[in-house]
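The primary structure of each chain is shown beneath.
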Amino acid sequence: MADANTAGANIPQGTGYFASDSTLPFHAPDFSKISEDDYIPAFEQGMAIHKAEIDAIINNPEAPTFSNTIVALEKSGRMLGRVATVFFALTGSNTTDRLDEINTEISPKLTAHSDSITLNPELFARVKAVYDNRAAMAMTREDAKLLEDTYEGMVHAGALLTDAQRARVKEINSELSEITTEFGQEARAAMADQPVIFDTREELAGLSESDIKSAADFAAEKGHPGKYAIALQNTTQQPLLPNMTNRAAREKLFMASYHRADGTTDIDTRPLVAKIAALRAEKASLFGEPDWATYAMWDRMAEKPATALGFMERMVPALAATQRREAAMLDEAIKADGGNFEVKPWDWYRYANKVKAARYDLDEDAMTEYFQLDKVLEDGVFYAANKLYGLRFERRTDLPVYHPDVWTYTVFDRDGSELGIFYFDPFQRPSKRGGAWMSNFVDQSKLWNTKPVIYNVLNIPKAPAGEVQLVSFDNVNTMFHEFGHALHGFFANQTYPSLSGTAVARDFVEYPSQVNEVWATYPEVLSNYAKHYRTGEPIPSEMITKIEAAAKFNQGYDFGETVEAALLDMKWAALSKEQAEAINTPAKVTEFERKSLEELGLEIDLVPPRYRSTYFNHIFSGPAGYSAGYYSYLWTEMLDRDSRKWFMENGGLTRANGDHYRETVLSTGGTMDYFEMFRNFAGRDPDVTPMLEARGLVPGDEAADSEVSDGALPADTAG
Ligand SMILES: [Zn+2]
């Protein structure tokens, strides 16, 4: 069809490896044939071909149709897609200096290339002609969604604005790009360049010898020989606080973090915060939207700021009560420890950790001995996928990989047919960035007749040669999590790649992955994979019970600081242009933040937000970041916990449940309304209660109150 659409048009031919599909099974990338010198020419050719394809669409003498415009656009840029997919996979998981250089060179060009398409008025005229005629067209649901997404994406970028408005949007975009970059640099400087200086070693009592030595070295390096310096870390809470026994020193470190970049020192990001909020609100107003949040949330599941706000506000009463209850419990622990003061944020984790250790007696190292990497993957993650979805996995050794530590598997579907290829890249190495992620080398698509080729990347510390490779319980969960994303990709059943699999909203994409974590501790799965690496004994169930009980501990703080940050994000994003412009001095920024937090009804002086505005990088650093989107973490957790409840109420790990979830959620990609998708699965709207229960925050549950408040420190750990 693409050939018909572009017949007679002058599309250049690419050369080299990326000019055509890989000839390996499933078009898996042939790493044995790719060299670093291929990338720049392939990017350049890929962009030139893409541009020629777009021109051919625009210059098509036939009237615009769904096929010759929307589908042709979806099909364009194939070579560029091929090179970008492999290139950005490698810069993440196995980069080199050369790849980093290429990245710096090519990224601005890719942005400009993409803008030249999204903001092309002639292309938009054709897209709009098709869109305006949509009522008269017979389309599948997926066709309709592709048309809507294509049109709305261009509108969102500014296609419907007047020339003057569009010019102002471009100015705002470039100003925002500069100011948010500056914010990121200033916030980083306030951490890295302004360590907290302590005059005496006594102030650091409780820290390890190596922490104290690093503090002494760091002070010398910063021009304070003979003193001690501690660099601030990202969040409001600071990781060294729990070990510090000197309360005044704790307060000093905490307050330096809390007042970071707020003008207490010579770094003050408040003018930048005010500017960013005003520019975003102005941009939203150019699009006729009341505020930035409404503009930014156009393609989200929650869709409207009020939905996200209302969802979080429902947690506030139970959360506030938990914060007060935990504070009272910690006050008791302080008294039992011989202290004569009430808990403050700088004391919180010191005493919470003591209570937790006394109460739950967790031994993480002993647990790890039950988690052997290959068993967790094949007898745990794959086993659960077999029971739920009927999948089968066969290790293969014939495919070239980008690093010898990458494992590959063929995935077979429930009917025995080949479903796709799975790459598993488990180990930490210097060439890999931190964290864990999933993506595709090849997207499932009926348009191209392609099946998914998917990778999971993790950062598990590699065991020394000859030793059994064990993994922590955290990494076990991460393996199930990332494979949840992989299932979302494998079960994709779409025509168009841009709607396929995990191509879904930011506040939806973490949902299937979180749900898959439930099987890590499901008894039938656990007993199949968690066996002691020497004795083969199954893991004692108390170990899991303890972990699960401990997970409900300290939620007033752990969860509270996140909810506060998410609400603060939304308050900034919900300002109208006039309101934002009125916050025009540093003092007014502080005042607005204080007022916004006070309105929430949470104990913000005991539990300050995870980030204050002046160092909230997620929302003020980078072009848009997680602005009006920090709530997504909580939102998908709601969907996840509610879905786990559905599974458990319906018999747990069964093929019927798996097939139903696959049918309603995992195979649907981005082709329909997310609420409708959830209702198809659960038979009702999502409910926040299971999430609150999981976090030990059941509203009005007096039993829970008394249970948690009997947490005085046992005498044997006092002192
Ligand atoms: Zn994830």
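All of the points below concern the structure found in this document. (Residues numbered from 1 in each chain as written. Predicted model: local features only at pLDDT ≥ 70, side-chain atom pairs only at ≥ 80, totals over all residues. Heavy atoms only, no water.)

By the definition in use, this model includes 3 cavities of 30 Å³ or more. Here the largest cavity defines a volume of roughly 60 Å³. What lines the largest cavity is simply I276, A277, R280, A281, W292, D569, W572, A573, I619, F620 and S627. It is helix α11 (residues 270-286) that provides the largest number of residues to the lining of the largest cavity, a total of 4 residues. Of the residues assigned to the lining of the largest cavity, the class counts are 8 nonpolar, 1 polar and 2 charged. (1 Å grid on protein atoms, 1.4 Å probe; cavity = no way out; pocket = protein on both sides within 12 Å on 5 of 7 lines; lining within 4 Å. Points joined across faces, edges and corners; volume = space filled by probe spheres on them. Helix = DSSP H or I, 4+ residues; strand = E, 2+ residues; numbered from the N terminus. Nonpolar A, V, L, I, M, F, W, Y, C, P; charged D, E, K, R; others polar.)

Its volume calculated, the second largest pocket comes out at about 1900 Å³. If you go around the second largest pocket, you meet 41 residues; those closest to its centre are E517, A551, R641, R644 and R695. Among the elements of the structure, α18 (473-490), α19 (510-516), α21 (541-550), α22 (555-573), α26 (632-649) and α29 (689-694) are those that each provide at least two residues to the lining of the second largest pocket. With 8 residues, the top contributor of residues to the lining of the second largest pocket is α26. Taken together, the residues that form the lining of the second largest pocket break down as 16 nonpolar, 9 polar and 16 charged.

This part is about a negative patch on the surface. Among the surface-exposed residues, D363, E364, D365 and D474 lie close enough to one another that they form a single negatively charged patch. Structurally, the position occupied by E364 is in helix α16 (residues 364-368). (Patch = residues over 30% accessible without salt bridge, like charges linked within 9 Å, V, L, I, M, F, W, Y side chains within 5 Å. Areas by Shrake-Rupley, 256 points an atom, 1.4 Å probe, with all protein chains shown as cover. Salt bridge = Lys/Arg side-chain N within 4 Å of Asp/Glu carboxyl O. Lys, Arg positive; Asp, Glu negative; His and termini not counted. Charge placed at Lys NZ, Arg CZ, Asp CG, Glu CD.)

With that out of the way, let us pick up the pairing of strand β4 (residues 407-412). Taken across its 6 residues, β4 has 6 buried, putting it largely inside the fold. Here β4 shows two buried faces, one formed by W407, Y409 and V411 and the other by T408, T410 and F412. Across 5 bridges, the pairing between strand β3 (residues 392-396) and β4 is antiparallel. Note that in β4 the partner of F393 across the bridge is V411. Two elements, β4 and strand β5 (residues 418-427), share 6 bridges in a ladder whose sense is antiparallel. From the neighbouring strand, F412 faces β5, where its bridge partner is E418. In this structure, the hairpin formed by β4 and β5 is closed by a connection of 5 residues, where G416 is found at a positive phi of approximately 90°. (Buried < 20%, exposed > 50% of the residue type's maximum accessible area, 1.4 Å probe, protein only. Pairing = 2+ DSSP bridges.)

Attention now moves to the environment of G263. The topology assignment puts G263 in the loop between α10 (247-258) and α11. Taking C-alpha positions, G263 is 9.6 Å from A587, a pair spaced 324 residues apart along the chain. Leave out the neighbours within four places in its chain, and G263 touches D268 and R270. (Contact = heavy atoms within 4.5 Å.)

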